[in-house]
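Coordinates in review
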Amino acid sequence: MTFKIRSVGEHFSLDSLAVAKITNYPFEKRDYKPFAQARLCLSDRKRLIVRMWAFEVSPKADVTQPCEDMMKEDSFLCFQLGMKKNYLSVCANAAGVLYAELVHADGTRTPLDSSLFSQSPFTGEDLQGEYWGMQFSVDVNYVNEWLDGDLCKEPLHGNLYKACFDPKHPHIGALFEPHRATIYDPEAFGDFEITDY
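So, here is what we can say about the structure in this document.

Each value, and the rule that gives it
Each chain has its residues counted from 1, running along the sequence as written. Given that the model is predicted, a residue must reach a pLDDT of at least 70 before its local features are reported, and side-chain atom pairs must reach 80 or more before they are shown or counted; all residues, however, enter totals for whole chains, interfaces and linings. To get the side-chain values, all heavy atoms of the structure are used, and hydrogens and water are removed first. Here the term buried applies to any residue with accessible area under 20% of the maximum for its type, exposed to any over 50%, and partly exposed to those in between, with areas from a 1.4 Å probe on protein chains only. Strands are runs of DSSP state E lasting at least 2 residues, helices are runs of H or I lasting at least 4, and numbering of each runs from the N terminus. Working definition: the arc comes from the directions between the helix axis and the C-beta atoms, pointing outward to the latter. Any pair of N or O atoms that falls within 3.5 Å is considered a polar contact. Within protein, one atom must be able to donate a hydrogen and the other to accept it, and sequence-neighbouring residues count only if both atoms are side-chain atoms. We count a salt bridge whenever a side-chain nitrogen from Lys or Arg sits within 4 Å of a carboxyl oxygen from Asp or Glu. Stacked, tilted and edge-to-face pairs are distinguished by plane angle, under 30 degrees for stacked and over 60 for edge-to-face with tilted covering the rest, among Phe, Tyr and Trp rings (Trp via its six-membered ring) whose centres lie within 6.5 Å.

Some words on helix H2 (residues 140-147)
Each full turn of the α-helix corresponds to 3.6 residues, which orients residues three or four apart in the same direction. For H2, the complete set of buried residues consists of Val140, Val143, Asn144, Trp146 and Leu147. Projected down its long axis, H2 shows its buried positions confined to an angular sector of 165 degrees, all on one face. Facing away from the buried side of H2 by more than 90 degrees, the exposed set consists of Asn141 and Glu145. Taking the backbone nitrogen of asparagine 141 as reference, a side-chain oxygen 2.7 Å away marks aspartate 139 as the first, capping residue of H2.

Here it is, written out as structure tokens:
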């Protein structure tokens, strides 16, 4: 299955975009499968915009500064995108912290400057329940540099995750079914495609 990332103009409505639903929880032995989803677009082919949110009451969010400990301790959402060998990983917790890193082909990771991402955490409630989330955007030129390619021309692959690895609240769900209980598994990536529909 290919998820289409819509190319939009400068003015657009996020509500008009397709929704990527995080529903695959293959390792869940209890019944804790928070409904989570995301919307993705490319604005004027200049900025990649991602809006991720999860329906989760009282998510664990103790980390208050960008660091990789967030993915060990807190409940988080994560967007990953690759072109060739490297991939971008951007995670956020319910405290409004965004942590971005470049994951290299050999599995090593390089933290990225979070200030390069425009970010806007949010919370709310609707008929489905309470939710928390993060909307962020990043300049396409940075993405092209990090991934050594052209976002608008290269084949894209990646995944979206909702996870927590704290032993008291463990779970991992994804858009494309994960093969292992980790977010660092490019074998679990599916295809993304930029489209002008």
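Anyway, onward from the coordinates.
A closer look at the side chain of asparagine 159
Residue position: asparagine 159 is located in strand S11 (residues 156-164). A distance of 3.3 Å separates a polar side-chain atom of asparagine 159 from the backbone nitrogen of leucine 175. Side-chain polar atoms of asparagine 159 contact the backbone oxygen of alanine 188, separated by 3.1 Å.

Examining the pattern of salt bridges
One pass over the structure, following the stated rule, counts 11 salt bridges. Notably, a salt bridge pairs lysine 60 with aspartate 62, separated by 3.2 Å at the nearest N-O pair. Aspartate 185 is the partner of arginine 180 in a salt bridge, and the nearest nitrogen-oxygen pair spans 3.6 Å. By relative accessible area, aspartate 185 is classed as buried at 2%. Here the salt bridges share partners, and the residues they tie into one network are Lys60, Asp62 and Asp166.

Some remarks on the packing of aromatic side chains
Overall, the coordinates contain 12 aromatic pairs when judged by the stated rule. Judged by centre distance (6.3 Å) and plane angle (55 degrees), the rings of phenylalanine 79 and phenylalanine 192 are tilted. Here phenylalanine 79, found in strand S5 (residues 75-82), pairs with phenylalanine 192, found in strand S13 (residues 190-195); they are 113 residues apart in sequence, far enough to count as distant. Since its relative accessible area comes to 3%, phenylalanine 192 is described here as buried. Aromatic side chains phenylalanine 122 and tyrosine 131 sit 6.3 Å apart centroid to centroid with 65 degrees between the ring planes, which places their arrangement in the edge-to-face category. One aromatic cluster is present, built from ring pairs that chain together Phe3, Phe79, Phe117, Phe136, Tyr142, Trp146, Phe176 and Phe192.

From the geometry alone we can't say anything about function, so treat these as descriptive.
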